[in-house]
Amino acid sequence: MKRALIALFALILIGSNAQLWAQAASWKDVLIPPLPAFHPAQPKRIALPNGMVIFLQEDHELPLIDGFARIRGGGRSVPASKNGLMDIYGEVWRTGGTKNQTGDQLDDYLEQRAAHVETGGGIDSTTINWSCLKGDLDDVFKVFQDLLQNPEFRADKIQIAQKGMYDGISRRNDDPGGIAAREAAKLAYGAKNPYARVPEYATVAAVTRQDLVDWHHNYVHPNNIILGVVGDFDSAAMEARIRQAFGAWPKSQAAKDPEIKFTPAKPGNYLVEKTDVNQSNIYMVGLGTTRKDPDYFAISVFNEAFGGGFSSRLFGDIRTTKGLAYSVGGGIGTGWDRPGMLRLVMSTKSETTGEAIQALDEEISDLSKKPITDEEIKRAKDAILNSFIFRFDSPGKVLQEKMAYEFYGYQLDFLEKYQKEIEKVTKEDVARVAAKYMHRDQMPVLVVGNPGEFDKAFSSLGPVNKLDTTIPAPPPGIVGDQGSPQQRCFQD
Amino acid sequence: MKFRRVLLITVVFCFASLAFSQDVASFEKRITAKKLANGLTVIICERPEAPVFSFFTHVDAGSVQDPMAKTGLAHMFEHMAFKGTDKIGTRDYAGEKAALAKVEVAYAAYLAERDKPVNREEQKLKQLEQAWRDAIAEADKFSAPYNNEFGKIVESEGGEGMNAFTNHDETGYSYSFPVNRLELWAYLESERFLHPVMRQFYKERNVVIEERRMRTDSNPIGRLLEQFTSASFAAHPYHRPTIGWMWDLNSFSATDAQNFFDRYYIAQNMVVTVVGDVKASEAMPIIEKYFSRLPARSTPDEATTAEPPQKSERRVVLHEQSQPLYLEGYHRPDYHSPDDAVYDAITDLMSNGRTSRLYRTLVRDKQIASDSAGFSGLPGNKYPHLFAFYAFPIPGHKPEEMADAIHGEIERLKKEDISDEELKMIKTRAKASLLRSLGSNEGLASNLGLFQARYEDWRELFRSVDRIDKVTKADIRRIANQIFVPDNRTVGIIEFAGPPGPAPAPQGGAQ
């Protein structure tokens, strides 16, 4: 009775609403007014005479100020024998403190202000960032400047960083998804390629304090630095502060990009056997391209249609229609200044491993048999163009975007150009890039899984190369006295 | 010198607090809330930074509400909420509806035979399974050409970050749109919960089973967490995994999912929050127009068994091919507890950054772990739950050493007051962390929605900082002494056992 009354009440309400408001019967009837014009504030770009490039982006919404410095030179310039140096440098730059304060003192000083100054080592650059309440800028900027110019790399923190890395190495065969991503990169780029290689006990142990000091000395020069600041400040005052801090810093040797060889593995079947799983991680890989490639725009549309989101072929066919996977996706990777990875990725229960590989095969062969249709292209372009605004819907995003263009030598108006170029992409363009890149017979196929449970022997699809993921033994004496982690790892 | 430093810090604090109160007050003014006649609450926060908005739909039902023998159902329904409606995702709904009804009849017949304790006929079971699969194939003919139409509409209209989650306590749905799609969103989101259709259910169930294999079965930490949580709770539904037990996943039906929806997706269980470049005066009528259509239904029976006090330590030890891990949890009261903020303070003190006690002791000083922390909210926080500690031993160190080191830190909490600096740091960080969270439409939408749902007042999001401000040193000692005791503890350990096979490698870390 009470329920009926509530229902009746609701009915009356809807009735009265309906008179006031026309309700849409179908989503297509819903009016979509034009999007208001939006011209986000652009950061001010300043080039100091010593080569440091600065971007200042005011954002007065909250009393916070964040700074990001990116410095040219990163892991891809580290010799193979010291692989891991960049991770250790990125950590100890901050934890090792400055000539004036230890890292622990910095921790206390900053945390009392709920502020952060953090450093990191990346593949092509290193970073040092700060984040603080507006009122703490003087205190925090001083730490930022001190770390940038006078790091100490204290030995006790190097030891902690190394132990952390030994731990990571010892655990790297525990998670099948992690194994698959790592081994797929090796197949796509070549095992020795800086974008694929992984640190070992020996290469981490080989890193010395002098290596960190040398790295800093060789790379951290104003002419290698791009500094962006976003937040609640006055640009003129911030510019004066930065000029005061860094204007007299002399320029020095510019960082050089190393020559990198990309040597994809031979096509074929590759297996990492893991007996404690009931699901296979499958990768088909190849080499992609860069965003400077004129094909980039057609590739963006292709990726959206082929393996992007809910609307894509891979999601629709393999997940929705066949129910074979929770996680499935793929596309032609595009790096800023080096080829991205082409990949089709999915995970499926051991018992449908063969069926899943076949399903991926079909997706690739369908690209020529049933090319991406006008409808798919329209949907993909709409998705890219209608969500375009999310590329620059906050001052921080605009800043990050500009800093990336500056770093990789793109026109600063790349984003505006991108929008126009996406609009121009045709069905033929998409078919052309699909035909250019998606060659099943050239792709290595990787399965990380439990072959005893497979629906058909992996070898029925061709010869199988078993990958040895045994973790090389650590040099004596570096990982404690209770046995070697090498013996603990999963062994084929 | 030291005095000067302290003085300086005090000045800084006054400044930060002042700025903080002003900013929070200005933020509160941007927020409008309205409870519709059907019981659904709408919150709008005006944030005119860019012509976009984010929304968050909070449904006050999670896997705790899963019926007996149907674990995983709340999460399964969340997947079904992407399958469209009677108007989206079908060629002919009337025909599809009839076909889907036949699927359910066929499935029930199949299940009845499958689960017969005695006299099951294998031949008959095969026939019934085939009949069920044939019925699915018939029903799919109506929807197959419109696969994922709901998601396709959202994506092609510029939707960003479309996603959803289910946990033990609740279910949430979110994405962002350009602001000119506000009415389209209101239509889509309300239709989704007005007329959901359980189409392609059994294929989606396979997708969810794959999710279980990925998160739990094929992941050693996932396996440990499942065993640990189910050991920690004997009576309360927190002992069941949100993803569902495999048997249940292979058993529940589309009818079960529809029933779950009818029971729990009621207007008064829902909070819809919109944050972005909208004006409440214009947006509220649009949202009300569409969401008022959701029916008010009677509130379901929400009774759950309260977990009885734990009388002795429980231990779960997994012997795995993977590296060791130590985890322990202590029962604590739910988020309504007057001491809730004390637990937050303990979490911050023990776990936040390089000044945290666990980092300093286990990672920096003893150098026995690569990471260690303690935190509330396992597996949820709406009901009495666990305060958990964990540590990852570095090579050459054992879980037992983690336990000893963590217990050493717990003893310190019990016996010594924390320092003035630590207490101040905790309070400053709470304020700064709230301030930082205000700069994102997505984050604000989910926080406002969650606090409205939990406290029936979104302002509690801002008051959470005041509660932390009131925490004293004595509170921290009192709670530590009360909660962190051995009988109240469950321990979860991964021990390295080496790969199976005829010639196992010698065990590392062994005597």
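Residues numbered from 1 in each chain as written. Chains lettered and ligands numbered in written order. Predicted model: local features only at pLDDT ≥ 70, side-chain atom pairs only at ≥ 80, totals over all residues.

Novice: Any chance you could explain the interface of chain A and chain B here in plain terms?
Specialist: The figure often quoted for interface size is the accessible area lost as the parts come together. The partner chain B presents 86 residues to the 85 residues of chain A that form the contact. The set of elements that each furnish at least two residues to the side of chain A that touches chain B consists of helix H1 (2-20), helix H3 (103-111), helix H5 (155-170), helix H11 (313-321), strand E11 (339-349) and helix H13 (374-386) of chain A. Residue contributions to the side of chain A that touches chain B peak at 8 residues, all from H1 of chain A. A breakdown of the residues in the side of chain A that touches chain B according to their chemical character gives 37 nonpolar, 28 polar and 20 charged. (Contact = placed C-beta atoms within 7 Å. Helix = DSSP H or I, 4+ residues; strand = E, 2+ residues; numbered from the N terminus. Nonpolar A, V, L, I, M, F, W, Y, C, P; charged D, E, K, R; others polar.)

Novice: How should I be thinking about the sheet that holds strand E4 (residues 116-121) of chain A in this particular structure?
Specialist: Sheet strands pair by backbone hydrogen bonding; their relative direction is either parallel or antiparallel. Residues and elements named next belong to chain A. One open sheet accounts for 6 strands, arranged E1-E2-E6-E3-E5-E4; its pairing is mixed. The open sheet has two free edges, formed respectively by strand E1 (44-47) and E4, since each of these has just one partner strand. On average, adjacent strands in this sheet sit at an angle of 15° to one another, irrespective of strand direction. Taken together, the 7 bridges between strand E3 (residues 64-72) and strand E6 (residues 225-231) define a ladder with antiparallel strand orientation. Along E6, the bridge assignment pairs Phe68 with Gly228. Helix H9 (residues 235-246) rests against E1, strand E2 (53-58) and E6 of the sheet, and its axis sits at about 150° to E2. (Pairing = 2+ DSSP bridges. Axes fitted to C-alpha atoms, helices over the stretch in contact; angles between N-to-C directions.)

Novice: Please clarify how the confidence of the model for chain A should be interpreted in this entry.
Specialist: Caution is warranted with low-pLDDT regions, since their predicted coordinates should not be read in detail. All names here are of chain A. Mean pLDDT for chain A: 92, with 93% of residues reaching 70 or above. Low pLDDT, under 50, characterises residues 1-21; the predicted model gives this stretch 16 contacts beyond four residues in sequence or across chains. In the predicted structure, residues 481-492 sits below a pLDDT of 50 and forms 42 contacts with residues beyond four places in sequence or in another chain. (pLDDT = per-residue confidence, 0-100.)

Novice: Would you take a moment to explain the domain arrangement of chain B for this structure?
Specialist: Residues and elements named next belong to chain B. Here the domain parsing of chain B yields domain 1 (33-89 + 147-291) and domain 2 (314-496). The straight-line distance from the C-alpha centre of domain 1 to that of domain 2 is 28 Å. Between domain 1 and domain 2, the contact holds 37 residues from the first and 29 residues from the second. Sorting the residues of the side of domain 1 that touches domain 2 by element identifies strand E2 (41-46), strand E3 (52-59), strand E5 (171-178), helix H8 (220-232) and strand E6 (270-276) as the ones contributing at least two each. At 9 residues, H8 tops the list of elements feeding residues into the side of domain 1 that touches domain 2. For the side of domain 1 that touches domain 2, the class distribution of residues is 17 nonpolar, 15 polar and 5 charged. (Domains from an automatic or database assignment.)

Novice: How do you make sense of the packing of helix H2 (residues 73-80) of chain B against helix H10 (residues 254-264) of chain B when you look at a structure like this?
Specialist: When two helices pack together, their arrangement is given by the angle between the helix axes and by the axis-to-axis distance. Residues and elements named next belong to chain B. Interaxial distance between H2 and H10 falls to 9 Å at its minimum, and their mutual angle equals 90°. When the axis of H2 is compared with that of H10, the two are roughly perpendicular. Of H10, the residues touching H2 (which contributes Leu73, Ala74, Met76, Phe77 and Met80) are Asp256, Ala257, Phe260 and Phe261. For the contact of H2 with H10, the per-class residue count stands at 8 nonpolar, no polar and 1 charged. (Parallel < 35°, antiparallel > 145°, perpendicular 65-115°, else oblique.)

Novice: What should I look at first to understand the packing of H13 of chain A against helix H15 (residues 414-424) of chain A in this one?
Specialist: Residues and elements named next belong to chain A. Close contact between H13 and H15 brings their axes to 10 Å; oriented N to C, the two are set at 165°. Between H13 and H15, the interaxial angle falls into the category roughly antiparallel. Considering only the axes of H13 and H15, their crossing is left-handed. Between H13, through Lys381, Ile384 and Leu385, and H15, the contact on the second element is made entirely by Gln419, Ile422 and Glu423. (Left-handed = near helix turned anticlockwise from the far one by under 90°.)

Novice: Would you mind showing me how to read unusual backbone geometry here?
Specialist: With the exception of glycine, the majority of residues adopt a negative phi angle, and the majority of peptide bonds are in the trans configuration. Residue and element names in this part refer to chain B. Following Leu378, the chain continues into Pro379 via a peptide bond in cis, with omega recorded as -5°. Phi angles above zero are rare outside glycine, and Ala69 is one such case at about 65°. Take Ala69: it is sitting in the loop between E3 and H2. Phi at Gln200 takes a positive value of approximately 55°, unusual for a residue other than glycine. Inspection of the secondary structure puts Gln200 in the loop between helix H6 (182-194) and helix H7 (201-217).

Novice: What is the right way to read the sheet that holds strand E9 (residues 289-290) of chain A from this model?
Specialist: Residue and element names in this part refer to chain A. Taken in spatial order, the 7 strands make up an open sheet running E9-E10-E11-E8-E12-E7-E13, and their pairing is mixed. At either margin of the open sheet sits one strand with a lone partner, and together these are E9 and strand E13 (464-466). As judged from the 2 bridges shared by E9 and strand E10 (residues 328-335), these two strands associate in the parallel manner. Each residue of the ladder has a partner; that of Thr289, found in E10, is Thr334.

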